[in-house]
Amino acid sequence: MKNKIKKLMGDPKIQKALAQIEAEAQWTVDRQLELCAIRSPSNNEGERAKRYFEMFQEIGFDECTMDEVGNVLGVMKGTGDGPTLMLSAHTDTVFDINTDCTPVTRDGLIWAPGIADDTRGMADVLAVARAMKHNGIRPQGTIIFCGDVGEETLGALRGMRHLFNTHQEIDGLVSIDGTGMGSITYNAVAGKKARITYTGTGGHALSMFGFPNANNALARAIAKIADIQVPVKPITIFNTGSSKAARASVQYLPRRWP
């Protein structure tokens, strides 16, 4: 593998493409800023995905589409029988629709909700595709460039789930995501999501005195979950959040008198 990478890095076209990405860094930042300013909470990525689709069309892919769930796809067809790879970045953020995501520059730093996670990744996908097109780099296997929806918690990876259910030809995936500069996660990260509902009789604190409170039961459950000792290798984490789904997990039945 090292020899193959060394050979690729020595290719004049690859060197020119890398030099172009570095020289045109502001082009990438400009797209990053524009995309970041478009509010895009999980399951509401429509406006940002639409603009990303337009940017994909400007690149000039062999094929450019938006699928049923809102994933944006740009296909660069291969010249041979190499593997089909996907290079992706997700279009959604953890911030709700009312969050102002307009980038602000202070002391040479850009500040905005979602500026790194993952509008930087989206801009990088564009930069790589553009440099390949401009320098005549045609891969042996097909590359699918992608902006996927629903990556964050409320999205439950719905974009990627749809892609791998409908594109059996994908042999490998590289996702540009987050703020871990210089780090690579190899193989895969697995995730599971569960919704637990506590149901109880609720009402006025005084008139319903003596009835068990579903909120208290839920709080005790969260505390017990926090005490669970998880493996360090492989690293295992869990989270109980205060999303709308979590807040809705306590339900009250009509009150019953003794």
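Not measured: the values here are computed from a predicted model.

(A) Structural detail: helix α4 (residues 46–59). The end-to-end C-alpha separation of α4 is 20 Å, in line with the 20 Å expected for 14 residues at 1.5 Å each. Three or more residues of α4 are buried, namely R48, A49, R51, Y52, F53, M55, F56 and I59. Where the residues of α4 are buried, they touch α3 (25–36), β1 (63–66), β2 (72–76), α5 (119–134) and β6 (143–148).

(B) Just the side chain of T28, in detail. By secondary structure assignment, the location of T28 is in helix α3. Those residues in contact with T28, other than ones at most four positions away along the chain, are R120, A123, D124 and A127.

(C) Region of the structure containing the packing of helix α2 (residues 12–23) against α5. Where α2 contacts α5, the axes come no closer than 9 Å and their chain directions differ by 130 degrees. The pairing of α2 with α5 is recorded here as oblique in orientation. In the packing of α2 onto α5, the handedness of the crossing is right-handed. The segment α2 lies against α5, with A17, Q20 and I21 engaging A127, V128, R130, A131 and H134. Looking at the contact of α2 with α5 residue by residue, the classes come out as five nonpolar, two polar and one charged.

(D) Just the packing of aromatic side chains, in detail. As enumerated under the stated definition, the model contains three aromatic pairs in all. Between the aromatic rings of Y52 and F56, the centroid separation amounts to 4.7 Å while the plane-to-plane angle is 50 degrees, which identifies the pairing as tilted. Placement of the pair is Y52 and F56 together in helix α4, with a separation of four residues, close to one helical turn. Since its relative accessible area comes to 0%, Y52 is described here as buried. With centroids separated by 5.3 Å and ring planes inclined at 35 degrees, the aromatic side chains of F61 and F145 adopt a geometry described as tilted. Here F61, found in the loop between α4 and β1, pairs with F145, found in strand β6; they are 84 residues apart in sequence, far enough to count as distant. Of the two residues examined, F61 and F145, each falls in the buried class. Here the aromatic cluster, defined as three or more aromatic residues joined through ring pairs, consists of Y52, F56, F61 and F145. One Lys or Arg, R130, reaches over the ring of W27 and ends 4.2 Å from the middle of that ring.

(E) Quick look at the sheet that holds strand β3 (residues 85–90). Spatial ordering of the open sheet is given by β1-β2-β6-β3-β7, a layout of five strands whose pairing is mixed. Only two strands of the sheet have a single partner each, and these edge strands are β1 and β7 (172–175). Going across the sheet, the axis of each strand differs from the next one's by a mean of 20 degrees, ignoring polarity. Of the strand pairs in this sheet, β3 and β7 are connected by four bridges, and their pairing is parallel. When the bridges of β7 are listed, M86 appears paired with L173. Sheet strands in contact with α4 are β1, β2 and β6, and its direction is about 175 degrees off that of β1. Here α5 sits on the sheet in contact with β2, β3 and β6, set at roughly 140 degrees to β3.

(F) Inspection of the confidence of the model for the protein at higher detail. Of all residues in the protein, 91% have pLDDT values of 70 or greater, and the mean over the chain is 88. Residue range residues 245–258 is modelled with pLDDT below 50. Its contacts to residues more than four positions away, or to other chains, number 36 contacts.

(G) The arrangement of empty space enclosed by the protein in detail. Here the structure, examined in full by the defined rule, presents one cavity of 30 Å³ or more. In this structure, the largest cavity spans a volume of roughly 50 Å³. As for the largest cavity, its lining consists of Q20, I21, E24, W27, T28, A127, R130 and A131. When contributions to the lining of the largest cavity are tallied by element, the ones reaching two or more residues are α2, α3 and α5. Here the lining of the largest cavity gets three residues from one element, more than from any other, and that element is α5.

About the cut-offs
- Residues numbered from 1 in each chain as written.
- Predicted model: local features only at pLDDT ≥ 70, side-chain atom pairs only at ≥ 80, totals over all residues.
- Heavy atoms only, no water.
- Helix = DSSP H or I, 4+ residues; strand = E, 2+ residues; numbered from the N terminus.
- Expected span 1.5 Å × (residues − 1).
- Buried < 20%, exposed > 50% of the residue type's maximum accessible area, 1.4 Å probe, protein only.
- Contact = heavy atoms within 4.5 Å.
- Axes fitted to C-alpha atoms, helices over the stretch in contact; angles between N-to-C directions.
- Parallel < 35°, antiparallel > 145°, perpendicular 65-115°, else oblique.
- Left-handed = near helix turned anticlockwise from the far one by under 90°.
- Nonpolar A, V, L, I, M, F, W, Y, C, P; charged D, E, K, R; others polar.
- Phe/Tyr/Trp six-rings, centres within 6.5 Å; stacked < 30°, edge-to-face > 60°.
- Lys NZ or Arg CZ within 6 Å of the ring centre and 35° of its normal.
- Pairing = 2+ DSSP bridges.
- pLDDT = per-residue confidence, 0-100.
- 1 Å grid on protein atoms, 1.4 Å probe; cavity = no way out; pocket = protein on both sides within 12 Å on 5 of 7 lines; lining within 4 Å.
- Points joined across faces, edges and corners; volume = space filled by probe spheres on them.

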